[in-house]
Amino acid sequence: MNTLALQSLRRAAALLWPALGLAACAVAPLPPSVPEAIAPARGESLALSVAARGVQVYECRSAAPGAAPAWQFVAPDAQLFDARGHRIGEHGAGPHWQALDGSRLDAVVKARADAPRDGAIPWLLLSAQASGRTGSFTGVSSIQRINTQGGVAPAGGCDAASVGRIARVPYTADYRLFRGAGGSPVVF
């Protein structure tokens, strides 16, 4: 191999190694340090972790007649992905999580913790209830939202002249689905 080709190969390797390191971190992150406030109940075990990419939808509106308008949360709108990066479902209003096989979870927030990252929506623990067909999400009893990035309401742009305006703020998060003792396994 000539010297020029060897130098080009070394430069390419130097540029590629950091990218490979980031890709490895994205595929297999270390277990998160989760605040006690959003820990799952005793007896629940992790069934599945899914990554979400999408938006948090906000609307500029008044909370009460005569109140100053402010950005109000409307709903999430995100796609869900497994550890291999395959799309497995969606996350939307309610909130709900629906797998491609038609199994669905509806949930209610039980607890929240501030995200450790500035500009990120809070981490949550939600109680989940199956509401769709039997399938991949059957048996899930709670959901954690962790590792959030982005998604917070806009800082400005909501005044009397912009009531009704919609803002779609990009976010990412990891959702950890837990099942109780005796819950059926989550399978994809």
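Refer to the preceding data block for the structure.
Sequence order sets the numbering: in each chain, residues are counted from 1 along the sequence as written. Only residues with pLDDT of at least 70 are given local features in this predicted model, and only at 80 or more are side-chain atom pairs given and counted; all residues enter the totals for whole chains, interfaces and linings. Note that water and hydrogens are dropped before the side-chain values are worked out from all heavy atoms of the structure.

## Some remarks on the pattern of salt bridges
Opposite charge on two side chains lets them pair, provided their charged atoms get close. Counted as salt bridges are all cases of a side-chain nitrogen of Lys or Arg within 4 Å of a carboxyl oxygen of Asp or Glu. Under the defined criterion, the tally for this structure stands at 4 salt bridges. Aspartate 82 is paired through a salt bridge with arginine 84; the nearest N and O atoms lie 3.0 Å apart.

## Focus: the packing of aromatic side chains
Under the pairing criterion, centres of Phe, Tyr and Trp rings, with the six-membered ring standing for Trp, must be within 6.5 Å; the plane angle then separates stacked pairs below 30 degrees from edge-to-face pairs above 60, leaving the rest tilted. As enumerated under the stated definition, the model contains 2 aromatic pairs in all. Considering the side-chain rings of tyrosine 58 and phenylalanine 73, the 5.8 Å spacing of their centres and the 70 degrees angle between planes classify their relative orientation as edge-to-face. Of this pair, tyrosine 58 sits in strand S1 (residues 45-61) while phenylalanine 73 sits in strand S2 (residues 70-81), and the two are 15 residues apart along the sequence. Three exposure classes are used, based on accessible area relative to the maximum for each residue type with a 1.4 Å probe and protein chains only: buried under 20%, partly exposed in between, and exposed over 50%. With a relative accessible area of 42%, phenylalanine 73 lands in the partly exposed category. Aromatic pair tryptophan 97 and tyrosine 175: ring centres 5.5 Å apart, planes at 75 degrees, arrangement edge-to-face. Taken together, the residues span a long stretch of sequence, with tryptophan 97 in strand S4 (residues 96-99) and tyrosine 175 in strand S8 (residues 166-179) at a distance of 78 residues. Overall, tryptophan 97 belongs to the buried group, its relative accessible area being 1%. Here tyrosine 175 falls in the buried class, since its relative accessible area comes to 1%. Charge-over-ring placement is defined geometrically: NZ (Lys) or CZ (Arg) within 6 Å of the ring centre, and within 35 degrees of the ring normal. A cation over an aromatic ring shows up here: arginine 53 above the ring of phenylalanine 81, its NZ or CZ 3.8 Å from the ring centre. Secondary structure elements are taken from DSSP: a helix is a run of H or I of four residues or more, a strand is a run of E of two residues or more, and numbering for both begins at the N terminus.

## Description of the pairing of strand S5 (residues 104-113)
As paired strands, S4 and S5 are joined by 3 bridges and run antiparallel to one another. Among the inter-strand pairings, histidine 96 is bridged to a residue of S5, identified as aspartate 106. Where S4 folds back on S5, the antiparallel hairpin that results is connected by 4 residues, among which glycine 102 adopts a positive phi of roughly 95 degrees. Two elements, S5 and strand S6 (residues 123-130), share 8 bridges in a ladder whose sense is antiparallel. Looking across to S6, one finds that leucine 105 is bridged to alanine 130. A strand pair is defined by DSSP finding two or more bridges across the two strands.

## Focus on the nonpolar core
Ranked by size, the top nonpolar core spans 27 residues in total, and within it Leu80, Trp97, Leu105, Phe137, Ile143, Tyr175 and Leu177 carry the most contacts. Secondary-structure elements contributing two or more residues to this core are S1, S2, S4, S5, S6, strand S7 (140-150) and S8. Per-element tally for this core: the top contributor is S8, with 6 residues. Among all residues touching tryptophan 97, those that are not within four sequence positions of it are Leu80, Glu90, His91, Ser103, Arg104, Leu105, Ala107, Leu126, Phe137, Ile143 and Tyr175. Within the second largest apolar cluster, 8 residues are counted, among which are Ile38, Ala111, Ala115 and Ala120. The criterion is simple. A nonpolar core is a set of buried Ala, Val, Leu, Ile, Met, Phe, Trp, Tyr and Cys residues joined through side-chain atoms within 4.5 Å. Contact definition: two residues touch when any of their heavy atoms are within 4.5 Å.

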